[in-house]
Amino acid sequence: MKDDNTPTAPKRITAKNMTEKEFFYGHKACAGCGGSVAVRLALKVTGEKTFAAFPAGCMAAVGFIYPQMAFRNNAIITTFPGVASMASGISVGAKALGLKGYKTVAFAGDGGTADIGLQALSGMIDRGDDVMYICYDNEAYMNTGIQKSGLTPYGTHTTTTPAGKNFPGSKTQKKNLFEIIAAHDIAYAATASIGYPQDYINKVNKAKQVKGPSFIHVFASCPTGWGSPTHTSIELAKEVVDTGLFFLAEYENGSFKLNKNPKAFKDIPTYLQKQGRFKHLKEEDYKLIEEHRDMKWERMRRNWKHS
Amino acid sequence: MNRPTKQNYQRPTHIDDFPVGPQFEAGHLADTNAGWRTFKPVIDHEKCINCLICYLVCPDGTIIKTETKPDVDYDYCKGCGVCAHECPKDAIEMVKEQR
């Protein structure tokens with residue numbers, strides 16, 4: 001990796017000094033939508049000079065309802081698997097036109113990133129195109145009606161993995177998307193959660209300075225798909241980090257770093273029972289989830305830098 | 001207010017009235033979201049410490065920063081209640097809409 005790719009410490013953006021302009025406003029997302037928090041905050045950090053690309057997914061469905069246009073910056077809907085390649089094209093096109101100070105940002109959900117868009121994303125990172133890729137992870141294909149994706153955790157009730165007598169819902173664990181992206185030797189990759197908005201803003205701000213591909217995996221709740229009350233969106237996204245089922249980490253200069261290394265985890269069943277999609281789980285399922293979490297954390301603590 | 005507002009939308013009658021491309025210009029809002037609400041957030045400015053957590057976590061960006069304490073844009077608030085739930089001082093109350 002070249003040294004000029006290393007992100008420098010940018011000026012800190014907080015709620016107080018953040019621009020008052022809204023770039024994602026008047027959209028038709030469900031009340032309490034976590035994905036729109038992720039998109040809104042990211043666009044506020046990258047600013048007006050942003051080219052945003054959205055694959056067929058919730059954010060495309062709620063932002064571009066003719067004659068309404070909820071985005072205030074340049075935004076485009078792409079094919080489902082091609083958001084990364086479209087963003088590559090935009091970024092290279094902007095360069096060819098000699099546009100200065102612009103950033104191309106691709107926003108895709110967990111399905112559009114970890115399953116359908118993975119090939120294009122891999123190619124984008126490989127080519128080293130100047131794109132920030134943000135994956136907002138609500139743990140299923142929400143826009144099409146809550147189908148299981150590669151990032152759906154064990155025991156989730158979705159329409160394609162219905163929970164019943166024989167199955168506890170989804171039988172697979174979350175894909176290690178962050179590690180897959182980091183394995184490309186990307187200049188900057190991070191995981192974040194909308195439950196920790198300041199941390200997320202800092203990471204977007206850092207990724208913005210990178211000249212080349214950068215990736216942020218942000219956990220975003222979905223009240224509609226999760227069967228949780230709309231007002232708990234942020235609470236759940238915070239709790240998932242506190243229980244250890246999701247982690248905050250960064251990858252830069254070839255090494256991993258855990259940003260948050262809690263001494264004790266919060267109780268997993270309390271977090272799961274707040275959501276309709278986990279209501280059916282039994283003791284043995286909790287145990288399985290906990291074992292998987294401990295296995296993952298043991299590995300992360302052993303191999304990654306942490307405080 | 002540094003936000004797009006509702007514009008008067010008239011159905012195009014002639015082909016020249018249609019936008020060039022598939023959309024109108026950025027920030028073109030044809031209607032409001034106020035009808036989605038059953039509860040609306042009311043900020044108690046006495047209790048509020050202007051920490052702006054509600055401003056950060058609002059999915060719709062309807063909390064408006066002002067010189068003193070934040071306000072709400074009721075045209076686009078959907079009444080999800082995230083702001084009231086996350087407020088560290090319990091300064092936001094969800095009040096049932098009277099229609």
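This structure is a prediction, so every number in the text was calculated from the model and none was measured.

How each quantity is defined
Think of each chain on its own: its residues are numbered from 1, step by step along the sequence as written. The lettering of chains begins at A and the numbering of ligands begins at 1, in the order of writing. Restriction of local features to residues with pLDDT of at least 70 applies here, the model being predicted, together with a cutoff of 80 or more for giving and counting side-chain atom pairs; totals for whole chains, interfaces and linings are based on all residues. Based on all heavy atoms of the structure, the side-chain values leave hydrogens and waters out of the count. For this analysis, a nonpolar core means a set of buried residues of the types Ala, Val, Leu, Ile, Met, Phe, Trp, Tyr and Cys, connected via side-chain atoms within 4.5 Å. A simple rule labels every residue: compare its accessible area, found with a 1.4 Å probe on the protein chains alone, to the largest value its type can have, and call it buried under 20%, exposed over 50%, or partly exposed in between. Numbering of helices and strands runs from the N terminus, with a helix taken as a DSSP run of H or I at least four residues long and a strand as a DSSP run of E at least two residues long. We call two residues contacting when some pair of their heavy atoms lies within 4.5 Å. Summed over both partners, the accessible area lost on bringing two parts together, with a 1.4 Å probe, is the buried area. Salt bridges are identified by distance alone: a Lys or Arg side-chain nitrogen within 4 Å of an Asp or Glu carboxyl oxygen. Side-chain classes are defined by residue name, with Ala, Val, Leu, Ile, Met, Phe, Trp, Tyr, Cys and Pro counting as nonpolar, Asp, Glu, Lys and Arg as charged, and the others, Gly among them, as polar. pLDDT expresses how confident the predictor is about each individual residue, on a scale running from 0 to 100.

1. Considering the nonpolar core
All names here are of chain A. Core analysis: the biggest nonpolar cluster contains 82 residues, and Phe54, Phe71, Phe107, Ile134, Tyr200 and Val218 have the highest contact counts within it. Sort the elements by how many residues they give to this core and helix α1 (residues 34-46) lands first, with 7 residues. If we skip the residues at most four places from it in the chain, Phe107 touches Val39, Ala42, Leu43, Ala52, Ala53, Phe54, Pro55, Val83 and Ile134.

2. Focus: the environment of Leu288 of chain A
Residues and elements named next belong to chain A. Mapped onto the secondary structure, Leu288 falls in helix α11 (residues 283-303). Measuring from C-alpha to C-alpha, the distance between Leu288 and Lys44 comes to 40 Å, with 244 residues separating the pair along the chain. In contact with Leu288, other than residues within four places in its own chain, are Tyr154 and Gln173.

3. A look at the interface of chain A and chain B
Taken together, the contact pairs 41 residues of chain A with 41 residues of chain B. In this assembly, chain A packs against chain B so that about 3400 Å² is buried in total across both faces, 53% of it on carbon and sulfur atoms. On the chain A side of the contact with chain B, Glu20, Tyr25 and Tyr66 of chain A bury the most area, a combined 23% of that side's loss. At the junction of chain A with chain B, the criterion picks out 3 salt bridges. For Glu20 of chain A, the salt bridge goes to Arg3 of chain B, with nearest N and O atoms at 2.8 Å. Residue assignment for the side of chain A that touches chain B shows that the elements contributing at least two residues are α1, α7 (197-209) and α9 (233-242) of chain A. In terms of residue count, the dominant contributor to the side of chain A that touches chain B is α1 of chain A (5 residues). Each residue belonging to the side of chain A that touches chain B can be placed in one class, and the counts come to 20 nonpolar, 12 polar and 9 charged.

4. What to know about the confidence of the model for chain B
Low pLDDT marks stretches whose predicted atomic positions should not be read closely. For chain B, per-residue confidence averages 90 on the pLDDT scale, and 99% of positions sit at 70 or higher. Here the complex is predicted with pTM 0.93, and the ipTM for its interfaces comes to 0.92.

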